[in-house]
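Structural description and commentary
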Amino acid sequence: GEGSAVGPAAAPGLPPRRPKSHHMSSDTSTSQKPKRHALVTGLAGFCSGATEAAVTMPFDTVKTYCQVQKRGLGPLTGAKEIYGYRGLGGFYFGLPAVLVQVAGKGAIRWSAYEQFKTGLQAAGAPKGSVDFIAGLGAGFTEAFLWTTPTERLKVLRQNDIRSGQNRYSSLIGAVRTVSTEHGITGLYAGIGACGIRQASGVGVRFAIYGRVKALLTTDPPQLWQSALAGGITGCASTTLNHPIDVVKTRLEAQDGMHKEYTNTLQCLRRIVSEEGFLALYRGIAPRMIKISLGQAITFSAYERYSDLIHEFGTAVVASMMPGSMGS
């Protein structure tokens, strides 16, 4: 086990539950403890995602603002313009959609990851590839079930900063506007790019998190070590998939009947031909901060939330079974 990262002790008179040896080595910390119920992993993912969203929202807003501009725009200039247009509140444009998105995708991501990982291990997949493949599956799952429509609503609301309009000022109103003008499929604009971004990012994070944490962890493990390992994995995934994130943002920011970009590949080619290759890295500084900080929060908070929820659930069950644990 990993000290405070493991679950509560086994009931008196029973041997402690120990993870199987093939779950160890480079796997993430979630695999180095007894497997927990999908409800526990889902709730822990939900809570860690909500915590991340509340802290990192301003960086995400600056990132999106820079990415939708065809002129070269640095993050400091972008932040000044946002403040000039909307004040401090402008940095939290789209917050309801972000809270719903990040918290929901956290629950889906962690639950899907655990399910994919269990299936891959049962199928005898090579141990070194399990985390990456399970992460890919979890990323695609969250993109199609949750992230794409909520990301679309968030980007449209953030686009209101410069336009001076408030077409998407409420979450429910935004869903109604998009559905009325573009149909329900309008919520899935940029789904291809979003799927690629989520799968690649989540796959890389889960693949290297356990390895990085193993290099940093002391005995007993400390909270800051999980946070630092999460931050490093966030930097790696951001560097890898930032170009597809720019493409995703451009596709999702389109509003109205005229569409400048028709699909992922066409958008990618047009950005490079008209604005240059470096345009694919606009907004990378605030996104690097946002993702690194977000992953530091997500990984460290997930482990703590998972332990707390598991312990709470165990205590509740025990309290409902008088005499089963000496109480």
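Treat the numbers as computed from the prediction; the structure is a model and nothing was measured.

Here we take up helix α3 (residues 95–122). In a regular helix each residue adds 1.5 Å, so 28 residues correspond to 40 Å; α3 covers 40 Å between its end C-alpha atoms and thus fits that length. A positive phi of about 80 degrees marks glycine 124, the residue just after α3.

Let us look at the pattern of salt bridges. Side-chain pairing between opposite charges can occur once the charged atoms of the two side chains come close. For the structure on display, the rule yields 22 salt bridges. Salt bridges sharing partners connect three or more residues here, namely Asp60, Lys63, Glu151, Lys154, Arg197, Asp245, Lys248, Glu252, Arg287 and Lys290.

Close inspection of predicted coordinates is inappropriate in any region flagged by low pLDDT. For the protein chain, per-residue confidence averages 83 on the pLDDT scale, and residues scoring 70 or more make up 87% of the total. Here helix α9 (residues 284–319) is the element of the protein chain with the lowest mean pLDDT, 84, and helix α8 (residues 264–275) is the one with the highest, 96. Confidence over residues 1–31 falls short of pLDDT 50; this stretch has 63 contacts with residues more than four positions distant or in other chains.

At a minimum axis distance of 13 Å, the contact between α3 and helix α6 (residues 191–216) shows a crossing angle of 60 degrees. With respect to their mutual orientation, α3 and α6 come out oblique. Pair α3 / α6 crosses with right-handed handedness. When α3 is examined against α6, the residues Lys105, Arg109, Trp110 and Tyr113 are found in contact with a partner set consisting of Gln198, Val202, Arg205 and Phe206. Looking at side-chain class alone, the contact of α3 with α6 contains four nonpolar, one polar and three charged residues.

Quick look at the packing of aromatic side chains now. Within the structure shown, the criterion is met by five aromatic pairs. Both rings, one in tryptophan 110 and one in tyrosine 302, keep their centres 3.5 Å apart while their planes meet at 5 degrees; by these two values the pair is stacked. Separated by 192 residues along the polypeptide, tryptophan 110 in helix α3 and tyrosine 302 in helix α9 bring together distant segments of the chain. By relative accessible area, tyrosine 302 is classed as buried at 2%. Summarising the aromatic geometry, the rings of tyrosine 113 and phenylalanine 206 are spaced 3.8 Å apart at their centres and angled 5 degrees between planes, so their arrangement reads as stacked. Here tyrosine 113 is found in helix α3, whereas its partner phenylalanine 206 is found in helix α6, with 93 residues between them in sequence.

We now examine a nonpolar patch on the surface. Together, Leu265, Leu268, Val272, Phe277 and Leu278 give the surface a local cluster of nonpolar side chains, amounting to about 470 Å² of exposed area. The residue leucine 278 is located in the loop between α8 and α9 in this model. On the basis of relative accessible area, leucine 278 is assigned to the exposed category, the value being 68%.

Viewed as axis vectors pointing N to C, helix α1 (residues 38–67) and α9 meet at an angle of 160 degrees, and their least axial separation amounts to 7 Å. Taken together, the axes of α1 and α9 are roughly antiparallel relative to one another. In terms of crossing hand, the pair formed by α1 and α9 is right-handed. For the contact of α1 with α9, the per-class residue count stands at 15 nonpolar, nine polar and five charged.

Tracing the backbone shows phenylalanine 46 in helix α1. In this structure phenylalanine 46 comes out as partly exposed when scored by relative accessible area, which is 43%. In sequence terms phenylalanine 46 and valine 100 are 54 residues apart; their C-alpha atoms lie 9.4 Å from each other. Not counting residues up to four positions away in its chain, the partners in contact with phenylalanine 46 are Ala103, Gly104, Gly106 and Ala107.

This next bit is on the environment of glutamate 151. In this structure, glutamate 151 sits in helix α4 (residues 127–163). Glutamate 151 sits 36 residues away from leucine 187 along the chain, and the two C-alpha atoms are 8.8 Å apart. When sequence neighbours within four positions are dropped, the list of residues in contact with glutamate 151 reads Gln101, Arg197, Lys248 and Glu252. One polar contact links glutamate 151 to lysine 248, side chain to side chain, over a distance of 2.8 Å.

We now examine empty space enclosed by the protein. A water-sized probe rolled over the atoms picks out the places where empty space is left. For the structure shown, the criterion picks out four cavities of 30 Å³ or more. As a volume, the largest cavity reaches approximately 250 Å³. Of all the elements, α1 adds the most residues to the lining of the largest cavity, at six residues. Taken together, the residues that form the lining of the largest cavity break down as five nonpolar, six polar and 12 charged.

What follows is about the nonpolar core. Counting 15 residues, the largest nonpolar core has Trp110, Tyr113, Ala138, Phe206 and Phe299 as its most contacted members. At the level of elements, α3, α4, α6 and α9 are the ones that each hand at least two residues to this core. Ala193, Ile244, Leu251 and Ile271 belong to the second largest nonpolar core, which has 10 residues in total.

Along the chain, methionine 257 turns up in the loop between α7 (223–253) and α8. Taking the C-alpha atoms as reference points, methionine 257 and glutamate 181, 76 residues apart in sequence, are found 8.5 Å from one another.

Here is what the cut-offs are and how they apply
Residues numbered from 1 in each chain as written. Predicted model: local features only at pLDDT ≥ 70, side-chain atom pairs only at ≥ 80, totals over all residues. Heavy atoms only, no water. Helix = DSSP H or I, 4+ residues; strand = E, 2+ residues; numbered from the N terminus. Expected span 1.5 Å × (residues − 1). Salt bridge = Lys/Arg side-chain N within 4 Å of Asp/Glu carboxyl O. pLDDT = per-residue confidence, 0-100. Contact = heavy atoms within 4.5 Å. Axes fitted to C-alpha atoms, helices over the stretch in contact; angles between N-to-C directions. Parallel < 35°, antiparallel > 145°, perpendicular 65-115°, else oblique. Left-handed = near helix turned anticlockwise from the far one by under 90°. Nonpolar A, V, L, I, M, F, W, Y, C, P; charged D, E, K, R; others polar. Phe/Tyr/Trp six-rings, centres within 6.5 Å; stacked < 30°, edge-to-face > 60°. Buried < 20%, exposed > 50% of the residue type's maximum accessible area, 1.4 Å probe, protein only. Patch = residues over 30% accessible without salt bridge, like charges linked within 9 Å, V, L, I, M, F, W, Y side chains within 5 Å. Areas by Shrake-Rupley, 256 points an atom, 1.4 Å probe, with all protein chains shown as cover. Polar contact = N/O pair within 3.5 Å; in protein donor to acceptor, adjacent residues only side chain to side chain. 1 Å grid on protein atoms, 1.4 Å probe; cavity = no way out; pocket = protein on both sides within 12 Å on 5 of 7 lines; lining within 4 Å. Points joined across faces, edges and corners; volume = space filled by probe spheres on them. Core = buried A, V, L, I, M, F, W, Y, C linked by side-chain atoms within 4.5 Å.

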